[in-house]
Amino acid sequence: MKLGSCYYPEHWPEEIWSEDATRMVEMGLSQVRIGEFAWSRIEPEPGQFDWAWLDRAIGILGDAGLEIILGTPTATPPKWLVDSMPDMVAIDADGKPRGFGSRRHYCFSHQGYRTECKRIVTALAQRYGNHPAIAAWQTDNEYGCHDTVVSYSQAAAQGFRNWLAAKYENVNALNKAWGNVFWSMEYRDFAEIDPPNLTVTEPNPVHVLDYRRFASDEVVTFNKLQADIIRAHAPGRDVVHNYMGFYTEFDHHKVGQDLDVASWDSYPLGFLEQFWFSDAEKLRYARQGHPDIAAFHHDLYRGCTGGRWSVMEQQPGPVNWARYNPAPLPGMVRLWTLEAMAHGAELVSYFRWRQAPFAQEQMHAGLLRPDNMEDQGAKEARQVATEIPAVAEPGKAAPTVALLFSYEAAWLFETQPQGQSFQYLQLVFSMYSALRQLGLNVDIVSPNADLADHQMVVAPSLPIIGAGVLKKLQQLSIPVLIGPRSGSKTAHFSIPDNLAPGELQDLIPLKVTRVESLRPGFVERGEDFEIARWIEHVDTRLSAEEALNDGRGVVFVSENMRYLAGWADDVLLKRMFRRMAEEAKLAVIELPADLRLRRLGETCFAFNYGTEAINLTDLMPDAGQNHYVIGDATIAAAGVSAWTRS
Amino acid sequence: MKLGSCYYPEHWPEEIWSEDATRMVEMGLSQVRIGEFAWSRIEPEPGQFDWAWLDRAIGILGDAGLEIILGTPTATPPKWLVDSMPDMVAIDADGKPRGFGSRRHYCFSHQGYRTECKRIVTALAQRYGNHPAIAAWQTDNEYGCHDTVVSYSQAAAQGFRNWLAAKYENVNALNKAWGNVFWSMEYRDFAEIDPPNLTVTEPNPVHVLDYRRFASDEVVTFNKLQADIIRAHAPGRDVVHNYMGFYTEFDHHKVGQDLDVASWDSYPLGFLEQFWFSDAEKLRYARQGHPDIAAFHHDLYRGCTGGRWSVMEQQPGPVNWARYNPAPLPGMVRLWTLEAMAHGAELVSYFRWRQAPFAQEQMHAGLLRPDNMEDQGAKEARQVATEIPAVAEPGKAAPTVALLFSYEAAWLFETQPQGQSFQYLQLVFSMYSALRQLGLNVDIVSPNADLADHQMVVAPSLPIIGAGVLKKLQQLSIPVLIGPRSGSKTAHFSIPDNLAPGELQDLIPLKVTRVESLRPGFVERGEDFEIARWIEHVDTRLSAEEALNDGRGVVFVSENMRYLAGWADDVLLKRMFRRMAEEAKLAVIELPADLRLRRLGETCFAFNYGTEAINLTDLMPDAGQNHYVIGDATIAAAGVSAWTRS
Amino acid sequence: MKLGSCYYPEHWPEEIWSEDATRMVEMGLSQVRIGEFAWSRIEPEPGQFDWAWLDRAIGILGDAGLEIILGTPTATPPKWLVDSMPDMVAIDADGKPRGFGSRRHYCFSHQGYRTECKRIVTALAQRYGNHPAIAAWQTDNEYGCHDTVVSYSQAAAQGFRNWLAAKYENVNALNKAWGNVFWSMEYRDFAEIDPPNLTVTEPNPVHVLDYRRFASDEVVTFNKLQADIIRAHAPGRDVVHNYMGFYTEFDHHKVGQDLDVASWDSYPLGFLEQFWFSDAEKLRYARQGHPDIAAFHHDLYRGCTGGRWSVMEQQPGPVNWARYNPAPLPGMVRLWTLEAMAHGAELVSYFRWRQAPFAQEQMHAGLLRPDNMEDQGAKEARQVATEIPAVAEPGKAAPTVALLFSYEAAWLFETQPQGQSFQYLQLVFSMYSALRQLGLNVDIVSPNADLADHQMVVAPSLPIIGAGVLKKLQQLSIPVLIGPRSGSKTAHFSIPDNLAPGELQDLIPLKVTRVESLRPGFVERGEDFEIARWIEHVDTRLSAEEALNDGRGVVFVSENMRYLAGWADDVLLKRMFRRMAEEAKLAVIELPADLRLRRLGETCFAFNYGTEAINLTDLMPDAGQNHYVIGDATIAAAGVSAWTRS
């Protein structure tokens, strides 16, 4: 695994570029990402390019031995460009234009802007496509950041109409598929259809879902436009995009088909603070991040390409954008880096090389402080750079659970939660975390992925079952869990004729006859577990493997298939997963709350996300016999150990 | 009492209409509501009517023996109509148009839309006015749903100016009545007056109140336009509208003057979840609804016409629109139906016949599931259909408390709450509930209603006292309670010259010299009760019937008149109401929290809203001697008993 | 000190003006403010002035012996004026115009409106400038009330561009100062720059800060325009403006330079309810206000001019605008009046003379009730009018702590809180309160103020250090506290080259190398204190005066300079301030929670903000020896004592 950093030569006096490059190499970094926000410097006036500074920057960095990842600058079109076509900005759900003055001020559907992107990416790719120092290209930056995927512009409205016309061919087919007879919503022509915002009450959910599908497809198209240009001019270089955390607005699997490497930006402390974690978790892990946040994304994005992935931006210290921004516990930057390695990353690149003293991110730490001194992150990067070589390259993959993840499912449940505590991403994360607490390796993959190399399958929820997915599941003989609300919708967001789980009834003979969403505090109890948020009434001839105290079943088994009829707590999830793992002959271990394991080939890593030391011998009596390549049997707070079996 | 259901033939294949009709009759239903959202099917192209399908649907349903309630489809104008006059939609308080894509996308004040409504209603009434199967007509659907009464469109602005000109005749009269000298808000012409939105800080409260009065009058006019057409073409048929729950945006008493039957849509679980109830109540009654929610509306809407009322939509299972949507406890659909009967309903109609698998309400249960099997609601409808005949038709009315309810009061207190916890509807409900907890029958009536047949009067608050109301109250000799803030405003939203309670000082000699709103947790204490939210300082020669620990009076009595000078808790309300009932020679009984009684003629019903059985003999030692027409002395959870005295 | 009231002759029948004037004088009032909202009566039609009524009102009030403060009516332009130039209203951050119908519906930057203001102020000043009854002029009313300082109108945008051009001279200088290379935000011309709203994510913080500076300057200019006209026509009269409470949107120090007297509007109960106080404080002080609210503003606004200040509007009873509006405890109106006196006010003027029964403020108490009877406030005003003469005029100032307050700092921290609980005003208030709890006199002054007469300096935070401030601090030998985040930014909102505290490192040798914001509940503990919200990592050779349990220092001392590296609780603040006071030879006393002292010359006042009596001898054993000019050694709830040492 390589280390790198994100660097902005245009932010610093040219005099220190060379010193910066030297220091990077000396620190153990071998890659550097540049350029992704530099449009106003590359093209300061319309059509007038200034390549000189960038030539020099690339030259200096390359000469120092660094491999460069060059970003296309399309996330930050300059003011002159916006002024030349003011309707290129996205329009928010309230109808307001999203203006210049920060970044991502463009609508994916604007054809004029696409032309401009083609122009600037072509110019860059022509100039630097064959430059020996450039190892990879990053397209744009963090697609969708700041809620920028869905736009309600005229360009988007027109794009949507075209997309619908291509999909449904005639408007009566659309009316029928959407059920527009309901509330007299029938259209006489595709031209009558508007985006689903500013309606009096909620729009037809399939109208919203199709708009989300369309908006996602626009990102795919936008990215492919750039990827194709780069591939044409930069043969042999990787095309990369840096995804974000806990972000589902577009289909990362589809975008991933046009990438060589899926990368992501890992900010565990900010994500803990900004997402659904409980107050207790936010306090307990304030300086470490929840133990499964980074790993979840590693395992998710590895599944977005053929398996090649990296961390393009690694939090090196406090950030500036969360409600509260504490500092990582000393050791966490190293821990995060090694956790990425344990999951198979090609690169961990710290964001950013040096903290910028100006503009929006001036309170975002870097490896270096604004006064050019090394910050805590740099110290830990140095250490980890020396530790990486000790870990052997992975041989064959370790036994692994496949967790099926669907972006479309996320859109569907956002469109129709039916109970405001039903959040798809949180449901998936809860199952992922329960698997991790049992020490299992997990691959998070598309429902369309090949599952031949897995030992066990968990589908937290698959509301729409594609034909291929059904067939694939039918062919499996390994343990499979089907979660609540699976098969509850057709492709056109209707209830299937045979009710949920729809076609999955071919796999497991049961029918969901009624569903309930439950307010916080209202739970259904089993002997030692609780079902909260969501519970289903099931009609089946199967007897229940797990039941409520009143006898209603919540887990049903038919051969290798299990169905879970509600939102389960950790107790129930872990018991169910232990049973499945046993059936799959996967070894499990009950880990303490703050500890996580990851197997990479023959190497096993252990990560302590707590503030107290953990002794592995308490957990594995023979831990003393391990061959430790990092650390030993006692793992300090924020510490890491890695070993192979002797 | 009849049973019915809401049915949408246009949603289903024509082949099953006949089977549906037969099943309805077999289930015990005798009425069916249709048509209220079918405009796009009735008039698929401008001016081109397709009556054929509707003729057939009406024929099939009628032939099966069902009485039809035909709705006018004006709540869902089709897209071609909106596109032909885009300014027909309402404008929200932020100035945004409320667009097509759901329902109720019209402004009540738009003259062009009114013309269209006249056209479509006339066409319908001409075609079906004398159809023998049609027993009643429903105007539009749920006026005001999704916050659609108040619009800030140009049409509304112009309508408001005309309304003001008619009311005040000259602008100086308006300036004086409104007190526009304050902050230089004086107008020189009615044309200068805008709707009271988008002001820098709060507008003049009388400006807002007049706008609310205007907006309510627009609903009255809109409804009357339809009612008049229907009456002209459909002699002998009832004109009905389906009101909503906990909804006060327009004056239902005024609209009711143009109806034969006031109907409402009863969703007890959704209303519990969405309104002001405490978390403890929301958990305790999650699957039953608060014991007074349905009854409150029954008693309210009975007072909106000459006494004829019904439930047009009865929740039959989980709904789709509340934050959380649990299922009713088994038995509740039957209980709700019988509670409506006990309050004198003509009809309980379940919404809807069959759950639609598509569009916005696909997660809203029906009597039938989407797979055409009977759901729990159907089973309970079947049972209750067999029980209804056992209850004798009511003879004379049981002794009853009149609770005075004013829509204008609701608008006034929303405009000027003075403390954010002062909510008029909640104040009224708290008094209603206290009366119900004492086993009293209640009529909720307009302050203008005749009170000759009542034994006791409770006016939770009458901020503006009309001349007729004062005179009527003066003539009463039965116990009367006047609640806080009564008489605190003139008709033009000013403080009366003699302070609150204004002219009521003729009835009870006291003056409110100062008022205070209190934050949650800040209460004034009496020996066993608390005053929270609102407390008044009273200057009077009367001695207090109830006082705070510091000696300040909170209840004052003068002959048959009582004044309550604050927001009282259940302890104080019930003690006061017990005293009044004693004076009125009304029998009271202290009911357990989950039990409610209702007397209908000679029959007494008891409803158990709890999750445990209740034994009536614990409450009434001679309960064993009752003649039970439904159930017996032990009432199961969600159970009902009804008896006459032997 | 004088007493007065705010009076609106235009609201009342002319017949009672004379009686009102007589009653004021009889009650002990000697000043009266009028006219500030009367534009529509002064100029009912464009260009047609009606002076007659105002001549008579001024005549009657003056003849009664009252000194008049005449307000310019520019806060309430009439409808005809707004209709003549609709773009004169401010535009909110969402792009919506802020319309007519309340008050303050203008944009400070609109040149047309400025011309209108010049016209009306000139007309008033020409007519009444030399009127003998007029003692002072109030400009406009409560600049900024209802969030009206910052506007996003075209007029403001253009004004901003001009302001930037004047400040930066060329756009490249601006690009460099702002760091616009970040995210390609570079401009080619000042004309390209928009206001910093409606951006996709947060704009450049310096863009926001400059916009705030610009908006504040617009208020200064707007006020000066009026002040200059008044001074030209009304020689010898004071120019006054009435500031608000807890309000920092414009630089009151700068506006104060164009005033003779800084006045403010004191509503302690509303401020308690609306601002950051804890629920416990809001309950404890619901009818008294927090003991430091009024005093804080007295001490703040005294520092906005050369020391002359007053209370233009004093809460006399319940108000109408807070979430909850309880009544002051009996005695509080007197207490507030005497607290103002103790801080050196020239005038306390009650708002308002008589409660208006109509329009927006009808629920706002006055000295008289709407029925013309005296309310509680009048009774207390009568009492205090008799007590004032007993207090000797102050001789020399008492020893005093200087608390440095910067409006720019408030804008800066709002722009970049970095942790959402970091609120500058609350930080300042917490230090002010800790000083008051030790019985110290405090002057709240601009960082630019002369500190020669002070004994001790507290700078809660000075994020940007001006050159003059640094030099002044260097020359001080008295104890100085520098709070967290001081010196953390350059004038262009960047991090200083040498990190925080920037140039202050010349005063105290330490460097802040990392900062953390902490979520509620996450605290760092010392032996008996807690650091919450904000903690800094400090690199220094100094040993710590106070440290966390883990050894990290939080208070550092170097000669007379102290640095506080976090957000401290009362325990730590008071211990630090006691040490500093000891070094400064200032006497301190540990006051009970509800008691506050203030020294005015030789007189010491004590104020009991609690609901129980306090005996001074419990606190000062020799309190019996005091010479009491008001009260005695036992201070009742809401009571006041004042004494000189015998």
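Residues numbered from 1 in each chain as written. Chains lettered and ligands numbered in written order. Predicted model: local features only at pLDDT ≥ 70, side-chain atom pairs only at ≥ 80, totals over all residues. Heavy atoms only, no water.

Observations concerning the packing of helix H3 (residues 52–63) of chain A against helix H5 (residues 111–128) of chain A
Helices that pack against each other are described as a pair by the angle of their axes relative to one another and the distance between those axes.
Residue and element names in this part refer to chain A.
Link 1 in the chain: With their axes 12 Å apart at the nearest point, H3 and H5 run at an angle of 45° to one another. By the criterion of interaxial angle, the relationship of H3 to H5 is oblique. At the point where H3 passes H5, the crossing takes the right-handed sense. The residues of H5 that touch H3, namely those facing Leu54, Asp55 and Ile58, are Leu124, Arg127 and Tyr128.
Link 2 in the chain: Class assignment for the residues of the contact of H3 with H5 results in four nonpolar, no polar and two charged. (Axes fitted to C-alpha atoms, helices over the stretch in contact; angles between N-to-C directions. Helix = DSSP H or I, 4+ residues; strand = E, 2+ residues; numbered from the N terminus. Parallel < 35°, antiparallel > 145°, perpendicular 65-115°, else oblique. Left-handed = near helix turned anticlockwise from the far one by under 90°. Contact = heavy atoms within 4.5 Å. Nonpolar A, V, L, I, M, F, W, Y, C, P; charged D, E, K, R; others polar.)

Considering the pairing of strand E10 (residues 441–445) of chain A
Remember that side chains alternate between the two faces of the sheet whenever the strand is regular.
Link 1 in the chain: Along E10(A), five of the five residues are buried, which leaves the element largely enclosed by surrounding structure.
Link 2 in the chain: A two-sided burial pattern is seen for E10(A), the buried positions comprising Asn441(A), Asp443(A) and Val445(A) on one face and Val442(A) and Ile444(A) on the other. (Buried < 20%, exposed > 50% of the residue type's maximum accessible area, 1.4 Å probe, protein only.)

So, the pattern of salt bridges
Residues and elements named next belong to chain A.
Link 1 in the chain: Counting across every chain of the model gives 177 salt bridges over all chains.
Link 2 in the chain: Salt-bridge contacts for glutamate 14 lead to arginine 56; the nearest nitrogen and oxygen are separated by 2.3 Å. You can see glutamate 14 sitting in the loop between strand E1 (2–6) and helix H1 (17–27) and its partner arginine 56 sitting in helix H3, a full 42 residues away along the chain.
Link 3 in the chain: Note on glutamate 14: relative accessible area 32%, which makes it partly exposed.
Link 4 in the chain: Assessed through its relative accessible area of 38%, arginine 56 is described here as partly exposed.
Link 5 in the chain: A salt bridge links arginine 562 to glutamate 545, with the nearest nitrogen and oxygen atoms 2.9 Å apart. Of the two residues, arginine 562 sits in strand E18 (residues 561–564) while glutamate 545 sits in strand E16 (residues 544–547), which places them 17 residues apart along the sequence. (Salt bridge = Lys/Arg side-chain N within 4 Å of Asp/Glu carboxyl O.)

What to know about the environment of Ile464(C)
Residue and element names in this part refer to chain C.
Link 1 in the chain: One can find isoleucine 464 in the loop between strand E11 (456–459) and helix H17 (467–475).
Link 2 in the chain: Residue classification places isoleucine 464 among the buried residues on the basis of a relative accessible area of 18%.
Link 3 in the chain: Sequence spacing of isoleucine 464 and phenylalanine 429 is 35 residues, and the spatial spacing of their C-alpha atoms is 19 Å.
Link 4 in the chain: When near neighbours in sequence (up to four residues on either side) are disregarded, isoleucine 464 contacts Leu209, Arg213, Glu408, Leu412, Lys489, Thr490 and Ala491.

So, the interface of chain A and chain C
Link 1 in the chain: In this assembly, 60 residues from chain A lie in contact with 45 residues from chain C.
Link 2 in the chain: A per-residue breakdown of the area chain A buries against chain C is headed by Tyr324(A), Gln360(A) and Met363(A), which together make up 16% of the total.
Link 3 in the chain: Seen at the junction of chain A and chain C, the total is nine salt bridges.
Link 4 in the chain: One salt bridge in this structure joins Arg188(C) and Glu45(A), with 2.5 Å as the shortest N-O distance.
Link 5 in the chain: Linking chain A with chain C are 28 residue pairs in polar contact (both at pLDDT 80 or more).
Link 6 in the chain: For the side of chain A that touches chain C, the secondary structure elements donating two or more residues are helix H2 (39–42), helix H4 (79–84) and helix H11 (279–284) of chain A.
Link 7 in the chain: Taken together, the residues of the side of chain A that touches chain C sort by class into 25 nonpolar, 16 polar and 19 charged. (Buried area = accessible area lost by both parts, 1.4 Å probe. Polar contact = N/O pair within 3.5 Å; in protein donor to acceptor, adjacent residues only side chain to side chain.)

A word on the sheet that holds strand E3 (residues 67–71) of chain B
Residues and elements named next belong to chain B.
Link 1 in the chain: One closed barrel holds the eight strands; their spatial order is E1-E2-E3-E4-E5-E6-E7-E8, and the pairing between them is parallel. Pairs of neighbouring strands in the sheet enclose a mean axial angle of 25°, with direction left out of account.
Link 2 in the chain: Where strand E7 (residues 309–314) meets strand E8 (residues 347–350), two bridges bridge the pair, whose relative direction is parallel. Along E8, the bridge assignment pairs glutamine 314 with tyrosine 350.
Link 3 in the chain: Strands strand E2 (31–34), E3 and strand E4 (134–138) of the sheet are contacted by helix H3 (residues 52–63), whose axis makes an angle of about 170° with E2.
Link 4 in the chain: Against the sheet, helix H13 (residues 332–342) engages strand E1 (2–6), E7 and E8, with an angle of about 150° to E8. (Pairing = 2+ DSSP bridges.)

Quick look at the interface of chain B and chain A
Link 1 in the chain: Across the boundary between the two partners, chain B contributes 60 residues, which contact 45 residues of chain A.
Link 2 in the chain: Approximately 4,600 Å² of surface area, both sides summed, lies buried where chain B meets chain A, with 54% of it carried by carbon and sulfur atoms.
Link 3 in the chain: At the junction of chain B and chain A, the tally comes to nine salt bridges.
Link 4 in the chain: The tally of links from chain B across to chain A stands at 28 residue pairs in polar contact (both at pLDDT 80 or more).
Link 5 in the chain: For the side of chain B that touches chain A, the elements supplying multiple residues, two or more each, are helix H2 (39–42), helix H4 (79–84) and helix H11 (279–284) of chain B.
Link 6 in the chain: Among the residues making up the side of chain B that touches chain A, the classes are represented as 25 nonpolar, 16 polar and 19 charged.

Structural notes on the relation of the copies chain B and chain A
There are two copies of the chain, and a rotation about an axis plus a shift along that axis relates them.
Link 1 in the chain: Note on the identical chains: chain B maps onto chain A by a rotation of 120° and an axial translation of 0.0 Å, with an RMSD of 0.1 Å. On the angle and the small slide along the axis, the relation comes out as a three-fold axis. The position closest to the rotation axis in chain B is occupied by the C-alpha of Asp94(B), lying 5.7 Å away. (Least-squares fit on C-alpha atoms with pLDDT ≥ 70 in both.)

Considering helix H12 (residues 293–301) of chain A
Side chains that are three or four residues apart share a direction in an α-helix, a result of its 3.6 residues per turn.
Link 1 in the chain: Taking burial as the measure, the nine residues of H12(A) include nine buried ones, the bulk of the element.
Link 2 in the chain: Residues of H12(A) that are buried include every one of Ile293(A), Ala294(A), Ala295(A), Phe296(A), His297(A), His298(A), Asp299(A), Leu300(A) and Tyr301(A), and no others.

With respect to the packing of helix H8 (residues 205–233) of chain B against helix H15 (residues 407–415) of chain B
All names here are of chain B.
Link 1 in the chain: One can describe the packing of H8 onto H15 by two numbers: an axis separation of 9 Å at closest approach and a directional angle of 145°. Note on packing geometry: the crossing formed by H8 with H15 is right-handed. Here Pro205, Val208, Leu209, Arg212, Arg213 and Ser216 of H8 come into contact with H15, specifically with Glu408, Trp411, Leu412, Glu414 and Thr415.
Link 2 in the chain: Here the contact of H8 with H15 is composed, by residue class, of five nonpolar, two polar and four charged.

Considering the sheet that holds strand E16 (residues 544–547) of chain C
Backbone-to-backbone hydrogen bonds pair the strands of a sheet. The strands run either parallel or antiparallel.
Residue and element names in this part refer to chain C.
Link 1 in the chain: Taken in spatial order, the seven strands of this open sheet run E10-E9-E11-E12-E18-E17-E16, and their pairing is mixed. Both edges of this open sheet fall to strand E10 (441–445) and E16, since each of them pairs with a single strand only. Across this sheet, the average inter-strand angle for adjacent strands is 20°, counted without regard to direction.
Link 2 in the chain: The pairing of strand E12 (residues 480–482) with strand E18 (residues 561–564) spans three bridges and is classified as parallel. Opposite valine 480, over in E18, you have methionine 561 as the bridge partner.
Link 3 in the chain: Helix H16 (residues 424–437) rests against strand E9 (400–404), E10, E11, E12 and E18 of the sheet, and its axis sits at about 170° to E9.

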